[in-house]
Amino acid sequence: MDKMVIGVDVAKEWIDIAIAGDSRVKRIANSERAIDAWFMQIGAGSIGLVAFEPTGGYERLLRRCLRRAKVAFKQVHPNEVVAYRRRRGIKAKTDRIDAKLLADFAAEELARRDIESVPEADEVLRELASRRRQLQALLHAETCRCDVADSAIVRKSLRAVIAALERSLATVDKAIAERIASSAHAETSRRRKPSAVSAPPSRKH
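Computed from a predicted structure; not experimentally measured.

Asker: Which parts of the structure should I look at to understand the packing of helix H1 (residues 32-42) against helix H2 (residues 60-68)?
Answerer: Packed helix pairs are characterised by how far apart their axes lie and by the angle those axes make with each other. With their axes 9 Å apart at the nearest point, H1 and H2 run at an angle of 40° to one another. Considered as vectors, H1 and H2 are oriented oblique to each other. Viewed along their axes, H1 and H2 form a crossing whose handedness is right-handed. Only Leu61, Leu62, Arg64, Cys65, Leu66 and Arg68 of H2 make contact with H1, whose side of the interface consists of Glu32, Ile35, Asp36 and Phe39.

Here it is in structure tokens:
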């Protein structure tokens with residue numbers, strides 16, 4: 001790969017950026033403004049691949065900026081990075097070391113694979129599904145507490161929370177259904193779109 005291969009270690013407040021083959025590591029704020037500015041500075045067109053690990057949602061801004069800049073990226077499973085770390089015999093672990101490790105891993109292994117960015121619709125559905133699981137867990141916990149509560153005041157409080165959670169869960173379920181329907185409609189429309197066909201040559205009489 002002729003273009004730069006980059007590893008990014010993502011934290012809540014900042015991201016550490018390492019370029020394969022370069023010993024330097026750059027730290028910038030984990031914000032769209034800072035990431036977009038860095039892309040403008042380095043030139044998004046000069047980047048061949050960006051690799052990063054999932055960090056509980058802190059990587060969301062990076063993904064958004066990468067899509068906007070049309071830069072290929074790969075979210076790496078932590079187990080792959082752990083195995084690569086062991087093969088390299090690296091025991092120390094800091095944000096900067098992790099960024100360099102991701103850059104080297106991407107250059108040596110990921111660059112040879114077919115990279116497909118996750119569609120935006122899937123990201124939205126993933127977040128909605130995650131929220132649905134959270135609400136279900138909260139609802140189950142509050143329902144269990146209500147079943148064993150003796151105090152009328154406590155039961156009233158729990159029922160109010162349960163009702164609010166049920167409303168929120170219904171809202172999320174509706175959003176998921178609408179998102180799936182919208183994605184299916186868009187895909188159907190794309191498949192039905194006629195391809196351009198050249199007109200047959202006119203016959204001379």
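Following the structure, the description resumes.
Asker: Help me understand the sheet that holds strand S1 (residues 4-10), please; the structure alone is not making it clear to me.
Answerer: Within a beta sheet, neighbouring strands are joined by backbone hydrogen bonds and run either parallel or antiparallel to one another. Here 5 strands make up an open sheet; going across it, the order is S3-S2-S1-S4-S5 and the pairing mixed. The outermost strands of the open sheet, each flanked by one partner alone, are strand S3 (25-29) and strand S5 (73-75). Neighbouring strand axes in the sheet, compared pairwise and without regard to direction, differ in orientation by 25° on average. By the bridge criterion, 5 bridges tie S1 to strand S2 (residues 14-19) in an arrangement that is antiparallel. Following the sheet pairing, Asp9 is matched in S2 by Asp16. The strands that helix H4 (residues 95-108) touches are S1, S2, S3 and strand S4 (47-52); relative to S1, the one it contacts most, it runs at about 145°.

Asker: Where do I start with the pattern of salt bridges in this structure?
Answerer: Close approach of charged atoms lets side chains of opposite charge pair. On inspection of all chains with the given rule, the structure shows 15 salt bridges. Between Arg27 and Asp16 there is a salt bridge, and its shortest N-O distance comes to 2.8 Å. One end of the pair, Arg27, is in strand S3; the other, Asp16, is in strand S2, and 11 residues separate them in sequence. Its relative accessible area of 37% is what places Arg27 among the partly exposed residues. Judged by its relative accessible area of 0%, Asp16 falls in the buried class. For Arg88, the salt bridge goes to Asp104, with nearest N and O atoms at 3.5 Å. One end of the pair, Arg88, is in helix H3 (residues 78-88); the other, Asp104, is in helix H4, and 16 residues separate them in sequence. Given a relative accessible area of 38%, Arg88 falls into the partly exposed group. When its relative accessible area of 22% is taken as the criterion, Asp104 is described as partly exposed.

Asker: What should I look at first to understand empty space enclosed by the protein in this one?
Answerer: One pass over the structure, following the stated rule, counts 1 cavity of 30 Å³ or more. When its volume is computed, the largest cavity comes out at roughly 30 Å³. Around the largest cavity, the lining residues are Val8, Ile15, Ile17, Ile35, Trp38, Phe39, Val50 and Leu62. At the level of elements, S2 and H1 are the ones that each hand at least two residues to the lining of the largest cavity. Examining the composition of the lining of the largest cavity, we find that 3 residues originate from one element, H1, more than from any other. Class assignment for the residues of the lining of the largest cavity results in 8 nonpolar, no polar and no charged.

Asker: Explain the layout of surface pockets to me, please; I cannot follow it from the model alone.
Answerer: Any empty space left between the atoms is revealed when a probe the size of a water molecule rolls over them. When its volume is computed, the largest pocket comes out at roughly 290 Å³. Counting only elements with at least two residues in the lining of the largest pocket, the list comes to H2 and helix H5 (120-148). With 6 residues, the single largest contributor to the lining of the largest pocket is H5. Its residues assigned to classes, the lining of the largest pocket shows 1 nonpolar, 4 polar and 9 charged. As for the second largest pocket, its lining consists of Ile17, Ala18, Ile19, Asp22, Arg24, Val25, Lys26, Trp38, Gln41 and Ile42. Class assignment for the residues of the lining of the second largest pocket results in 6 nonpolar, 1 polar and 3 charged.

Scoring rules and cut-offs
- Residues numbered from 1 in each chain as written.
- Predicted model: local features only at pLDDT ≥ 70, side-chain atom pairs only at ≥ 80, totals over all residues.
- Heavy atoms only, no water.
- Axes fitted to C-alpha atoms, helices over the stretch in contact; angles between N-to-C directions.
- Helix = DSSP H or I, 4+ residues; strand = E, 2+ residues; numbered from the N terminus.
- Parallel < 35°, antiparallel > 145°, perpendicular 65-115°, else oblique.
- Left-handed = near helix turned anticlockwise from the far one by under 90°.
- Contact = heavy atoms within 4.5 Å.
- Pairing = 2+ DSSP bridges.
- Salt bridge = Lys/Arg side-chain N within 4 Å of Asp/Glu carboxyl O.
- Buried < 20%, exposed > 50% of the residue type's maximum accessible area, 1.4 Å probe, protein only.
- 1 Å grid on protein atoms, 1.4 Å probe; cavity = no way out; pocket = protein on both sides within 12 Å on 5 of 7 lines; lining within 4 Å.
- Points joined across faces, edges and corners; volume = space filled by probe spheres on them.
- Nonpolar A, V, L, I, M, F, W, Y, C, P; charged D, E, K, R; others polar.

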